[in-house]
Amino acid sequence: MFFCISLIFALSTGILYGSGVAWRENRKFFLSYYRKVDQEEKNFETFISQEAALLVNIISAQCGKPFNPRSMVSNATANVIAAAILGKRYDYEDEDFVALCKGFDTITNVLSSSSVILLNPKVFSVLFLRKEMERLYEAFVATRQILGKLLENHVVNGVDPANIHNAIEAYLLEISCKDENYLKSAHFNPSNLVTNIFDMFGAGMETSSKTLLWSLLYIVEYQEIQTRIQHDIDKVIGRHRLPLKSDRCQLPYVEATIHEILRIQGIVPMAGIRVASRDTTIGRYDIPKGSVMFGNLWQVLHDPKLWDDPETFQPERFLNKDGKLSVPEYMIPFSIGRRECLGKKIAMSELFVFFTHLLQKFTFTIPDGHPRPSFIGDFGMTHSPKPFEICALPR
Ligand code: HEM
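Residues numbered from 1 in each chain as written. Predicted model: local features only at pLDDT ≥ 70, side-chain atom pairs only at ≥ 80, totals over all residues.

**Side note on the overall build of the chain**
The helix and strand tally for the chain stands at 13 helices and 6 strands. Counting only residues that meet the buried cut, the chain has 34% of its 395 residues in that class. For the chain, the proportion of contacts with a sequence separation of at least 24, taken over those separated by at least 6, is 75%. (Helix = DSSP H or I, 4+ residues; strand = E, 2+ residues; numbered from the N terminus. Buried ≥ 20, exposed ≤ 12 C-beta atoms within 10 Å, placed from the backbone. Contact = placed C-beta atoms within 7 Å.)

**Remarks on helix H2 (residues 20-39)**
Under the 1.5 Å per step criterion, the end-to-end length of H2 is 29 Å for 20 residues, consistent within 8% with the ideal 28 Å. Of the positions making up H2, those classed as buried are Ala22, Trp23, Asn26, Phe30 and Val37. Buried residues of H2, viewed axially, fall in a sector of 90°; they line one side. Those residues of H2 that are exposed and angled more than 90 degrees off the buried face are Gly20, Lys28, Ser32, Arg35, Lys36 and Gln39. (Expected span 1.5 Å × (residues − 1). Arc of directions from axis to C-beta.)

**Quick notes on the packing of helix H10 (residues 223-236) against helix H11 (residues 252-264)**
One way to put it is that H10 packs onto H11 with a least axis distance of 9 Å and a crossing angle of 140°. Relative to H11, the element H10 is oriented oblique. Between H10, through Ile225, Arg228, Ile229 and Asp232, and H11, the contact on the second element is made entirely by Tyr253, Val254 and Thr257. Among the residues making up the contact of H10 with H11, the classes are represented as 4 nonpolar, 1 polar and 2 charged. (Axes fitted to C-alpha atoms, helices over the stretch in contact; angles between N-to-C directions. Parallel < 35°, antiparallel > 145°, perpendicular 65-115°, else oblique. Nonpolar A, V, L, I, M, F, W, Y, C, P; charged D, E, K, R; others polar.)

**Points about the site of the ligand**
Contacts to the ligand come from 27 residues, most closely from Gly204, Gly272, Ser335, Cys341 and Gly343. Within the residue set of the shell around the ligand, elements represented by two or more residues are helix H4 (70-86), helix H9 (190-221), strand S1 (270-275) and helix H13 (344-361). With 7 residues, the single largest contributor to the shell around the ligand is H9. Residues belonging to the shell around the ligand are distributed by class as follows: 16 nonpolar, 8 polar and 3 charged. (Near = placed C-beta within 6 Å.)

**Section: unusual backbone geometry**
With a phi angle near 50°, Cys63 is a residue other than glycine that sits in the positive phi range. Within the secondary structure, Cys63 sits in the loop between helix H3 (44-60) and H4. One non-glycine residue, Asp309, lies in the positive phi region at around 45°. The residue Asp309 is located in the loop between helix H12 (297-301) and H13 in this model.

**Here we look at the environment of Phe313**
Within the element layout of this structure, Phe313 appears in the loop between H12 and H13. The spatial distance from the C-alpha of Phe313 to the C-alpha of Gln265 is 9.8 Å, given a sequence separation of 48 residues. When sequence neighbours within four positions are dropped, the list of residues in contact with Phe313 reads Tyr218, Tyr222, Glu260 and Ile264.

**Observations regarding the environment of Pro367**
Mapping Pro367 onto the fold places it in the loop between strand S5 (362-365) and strand S6 (391-394). On the basis of neighbour counts, which here come to 14 C-beta atoms within 10 Å, the residue Pro367 falls in the partly exposed class. The spatial distance from the C-alpha of Pro367 to the C-alpha of Phe67 is 9.0 Å, given a sequence separation of 300 residues. For Pro367, the contacting residues outside a window of four places in its chain are Pro66, Glu389, Ile390 and Cys391.

Here is the structure:
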């Protein structure tokens, strides 16, 4: 397992695990592509709202009976990434879509167990579990094949510079403008494009879906918070108009609740792996060149020196005395610095639009006779709630 993970990092030229020129150029490209699309008429918000409305329909079809929201939420968030990269959504039954979601689910599950192994020397022997390695390898191959197929269609059909529909076409156009030497040195090439798409799905799907699942758990447990949010939504948006991301500034309590969920459940507990490029000192510690480090985001988000009573769920901590949203600089669920999450803006809009759509239409409850939800999740690359069931009663 360790060998496999090391190989992934060593060979990766994608944004998530890459470094140097390849990382810089590719990150710059995707950031500016997302910025550009966000200003267009058919921007991400259109896709997110469309997906949120479909999620509402699927939940309505449960007719108030208990259901596990996991797969429906994860399909919806996968489609947001599909919209960001491919400029289209998938049908939930589409063969490639089902295989992609399954593949990323496996990858996150296996890599999640490896994080525990890496941090816990007592279970070091588990590193060599062949079965897990095979599962990981198969999922990598299967997902890369599907993503490669998507690319092939565009390469075969060519790209019309006047009609760019998605990130793949924009990237291929960018490649066609570079000279051969640049391509060799900067790793701006079709193979990296597949890695980047892979990274985007990997980084963007599970994180957002886990945050939404935690949100559902918190509002069923804290009914008074659910009622307050619904009251605010009714006042600002009403029951019929669809929520928009521009409503965010008028709904500070909703924003504060989303921030508190991101804080208390630290969806990505550890930032990506870093290697010291030179000898340095951080606080009391000397860090020799070549040291491998992880940023412990969980610790920062739960540090009692920074947060009053950090283990208590309190959305109000993100409101100032005028009731406006106030986010301290140490609120870092998306990490900080040059490697800060590239999808932060998309994720925050996505969480707001999905959350408000759901609470505008439903009141969520714990099914009769079910135990109270557990807020102890499974730690790994992401922090996931344990499987649970809820009821959604139409409002
Ligand atoms: C609730 C949702 C999300 C959370 C909590 C989250 C959190 C994070 C964190 C903590 C990192 C690691 C930064 C580091 O290593 O220092 C990261 C990186 C990244 N995220 Fe997200 N993320 C979310 C959603 C998304 C979405 C929707 C996308 C894509 C559209 C995305 C794309 C990325 C990429 C590409 C990176 C690597 C950035 C780099 O190394 O330059 N994330 N994210």
